[in-house]
Amino acid sequence: MNPIFKHGPSPQHRLVFVLLLSVLLIFLDHKANSFDGVRGYLQSLVSPLQYIANAPKQMMTWTAENLVTRKHLMEENQQLKVNELRLHEELMQLDIIKQENERLRSLLASPLRSEVRKMVAEILSVDSDPYTHQIVINKGANDGVFEGQPVLDEQGIVGQIQHVGTTSSRVILITDVTHGVPVRISRNGIRLIASGSGQIDRLTHNHVPHSADIRSGDLLVTSGLGGKYPEGYPVSRVTIVTQDESRPFAQVFSQPVAQIDRLRYLLLLWPEKPSSIFSSKSGPEAASKAKSDNKKGDGNAAQ
């Protein structure tokens, strides 16, 4: 009988055979380069398997990088939005400061005489009464403010101090119906009275003769009469001149040159010290003599 199972070469023989075959193939490949073509075909066959094997790792790496990059971009975008908001807020502050700086520069560069003492004041409140045009400023008796003191902005006359407090004062505007300013026409010197009309953009001029040489567009400046306002400061510009012979006087209206409805900073003026035209001395000697004369006068008044 033939056996059911046939025994092949033993495992030891197989191992020896495989080793010898491997050594032979390595020798032939090293000496004759016989398997270059075969190696290329095998590499081509194995390459898809390598790509498939590396695909999960590459997918995980790509996903991780994209997640990290997206998170980083979101954080960076949020930070940029915050920085942009801060920059816009700072830009608005800079615009406000720039506007205030320009206002103060214009105010200090207004047509003032260099020898006149002046002080910058800021508006605290505006009177809500529609029948009065008055404001409150942040300067008072502690700053040397006095009743009747002239007040102006960078364009011209605004009004005068009506009431003085310790740290604040009330200003009556030239547009108030109870206020009047002696003015003259800058072109020819004709004197008028500029009275408030209760409107911020209009002043009235009463008792103007029909023969008065006054034209629309004429600039009216302070005349210096009355002692309240120094001479030569702009007050208003003539807008309407109506000469109706059926009326006893001409109707004249003007518009204040000061921006009454946009006031923020104001200038307070102190009167100039008058110099005697009879004094032949000048300098410190004259000043000391005037001071001693004032003391003597005070002593005589006390007696």
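In this text the structure is predicted, and so the values were computed from the model without any measurement. (Residues numbered from 1 in each chain as written. Predicted model: local features only at pLDDT ≥ 70, side-chain atom pairs only at ≥ 80, totals over all residues. Heavy atoms only, no water.)

### What to know about the overall build of the chain
Our working definition: What counts as a helix is a DSSP run of H or I of at least four residues, what counts as a strand is a run of E of at least two, and both are numbered from the N terminus. Whether two residues are in contact is decided by their heavy atoms: any pair within 4.5 Å suffices. Note on areas: Shrake-Rupley with a 1.4 Å probe; residue coverage comes only from the protein chains shown.
If you tally the helices and strands in the chain, you get 3 helices and 12 strands. Looking at the chain alone, contacts between residues at least 24 apart form 59% of all its contacts between residues at least 6 apart. Accessible surface for the chain amounts to roughly 21500 Å². Of this, 57% is attributable to carbon and sulfur atoms.

### Brief notes about unusual backbone geometry
The phi angle at H207 is positive, at roughly 55°, despite the residue not being glycine. When you line up the elements, H207 lands in strand β8 (residues 203-208).

### A closer look at a nonpolar patch on the surface
As a reminder of what qualifies: Two distance rules govern patches: like charges are joined within 9 Å, and nonpolar side chains (Val, Leu, Ile, Met, Phe, Trp, Tyr) within 5 Å, applied only to residues with over 30% relative accessible area and no salt bridge. Only one rule defines a salt bridge in this text: a Lys or Arg side-chain nitrogen within 4 Å of an Asp or Glu carboxyl oxygen.
Together, F17, V18, L21, L24, L25, F27 and L28 give the surface a local cluster of nonpolar side chains, amounting to about 640 Å² of exposed area. Topologically, L25 is positioned in helix α1 (residues 11-32).

### Brief notes about the sheet that holds strand β2 (residues 134-137)
Inclusion rule: The pairing criterion is simple: DSSP has to find at least two bridges between the two strands. The convention used is that axes are lines fitted to C-alpha atoms, helices contributing only their stretch in contact, and that angles between N-to-C directions extend from 0 to 180 degrees.
In space, the 6 strands of this closed barrel follow the order β1-β2-β5-β4-β3-β12, with antiparallel pairing throughout. Between one strand and the next, the sheet's axes are offset by a mean angle of 45°, whatever the strand orientation. In this structure, strand β3 (residues 150-152) lies alongside strand β4 (residues 157-164), joined through 3 bridges in antiparallel fashion. Its bridge partner lying in β4, V151 is registered against G159.

### Observations concerning the nonpolar core
Formally: In these notes, a set of buried Ala, Val, Leu, Ile, Met, Phe, Trp, Tyr and Cys residues joined through side-chain atoms within 4.5 Å is what counts as a nonpolar core. Partly exposed describes any residue whose relative accessible area lies between the buried limit of under 20% and the exposed limit of over 50%, with all areas from a 1.4 Å probe on protein chains only and scaled to the type maximum.
By size, the foremost hydrophobic cluster in this structure holds 21 residues, and its most contacted members are I157, I174, V181, V183, L192, I214 and V235. Secondary structure elements with two or more residues in this core: β6 (180-185), β7 (191-196), β8, β10 (234-242), β11 (250-256) and β12 (265-269). Among the elements that take part in this core, β6 stands out by supplying 3 residues, more than any other. Apart from residues no more than four positions distant in its own chain, V183 is found in contact with I190, R191, L192, I193, A194, H205, L220, V221, T222, S223 and V235. Counting residues in each nonpolar core, the second largest holds 17 residues, with A121, I135, V145 and V158 among its members.

### Focus: the packing of aromatic side chains
Rule in force here: Pairing of aromatic side chains here covers Phe, Tyr and the six-membered ring of Trp, requires ring centres within 6.5 Å, and sorts the geometry by plane angle: under 30 degrees stacked, over 60 edge-to-face, intermediate tilted. Sitting over a ring, as applied to charges here, requires NZ of Lys or CZ of Arg to be within 6 Å of the ring centre and within 35 degrees of the ring normal.
If you walk through the whole model with that rule in mind, you get 0 aromatic pairs. The residue whose ring lies beneath R117 is W270, and the NZ or CZ to ring-centre distance is 4.0 Å. Over the aromatic face of F253 sits the side chain of R202, whose NZ or CZ is 4.4 Å from the ring centroid.

### With respect to the pattern of salt bridges
All chains considered together, the criterion is met by 6 salt bridges. As a salt-bridge pair, R184 and E231 come within 3.6 Å of each other at their nearest N and O atoms. Here R184, found in strand β6, pairs with E231, found in the loop between β9 (219-222) and β10; they are 47 residues apart in sequence, far enough to count as distant. For E231, a relative accessible area of 41% puts it in the partly exposed group. A single salt-bridge network, built from bridges that share partners, covers R187, D213, R215 and D218.

### Section: the sheet that holds β9
Spatially, the 6 strands close up into a barrel ordered β6-β7-β8-β11-β10-β9, and their pairing is antiparallel. With direction set aside, neighbouring strand axes in the sheet form an average angle of 40°.

### Focus on the environment of L269
Inspection of the secondary structure assignment puts L269 in strand β12. Residue classification places L269 among the buried positions, given a relative accessible area of 1%. Along the sequence, L269 and P230 sit 39 residues apart, while their C-alpha atoms lie 8.9 Å from each other.

### Points about the pairing of β8
In summary, the side chains of a regular strand alternate between the two faces of the sheet. Note: β7 against β8, 2 bridges, orientation antiparallel. For S195, the partnering residue across the bridge sits in β8 and is T204. The turn joining β7 and β8, which pair antiparallel and follow one another in sequence, is formed by 6 residues; a positive phi near 85° is taken by G198. Relative to β11, β8 runs antiparallel, the two being bridged by 4 bridges. Paired with V208 across the strands is A250, a residue of β11.

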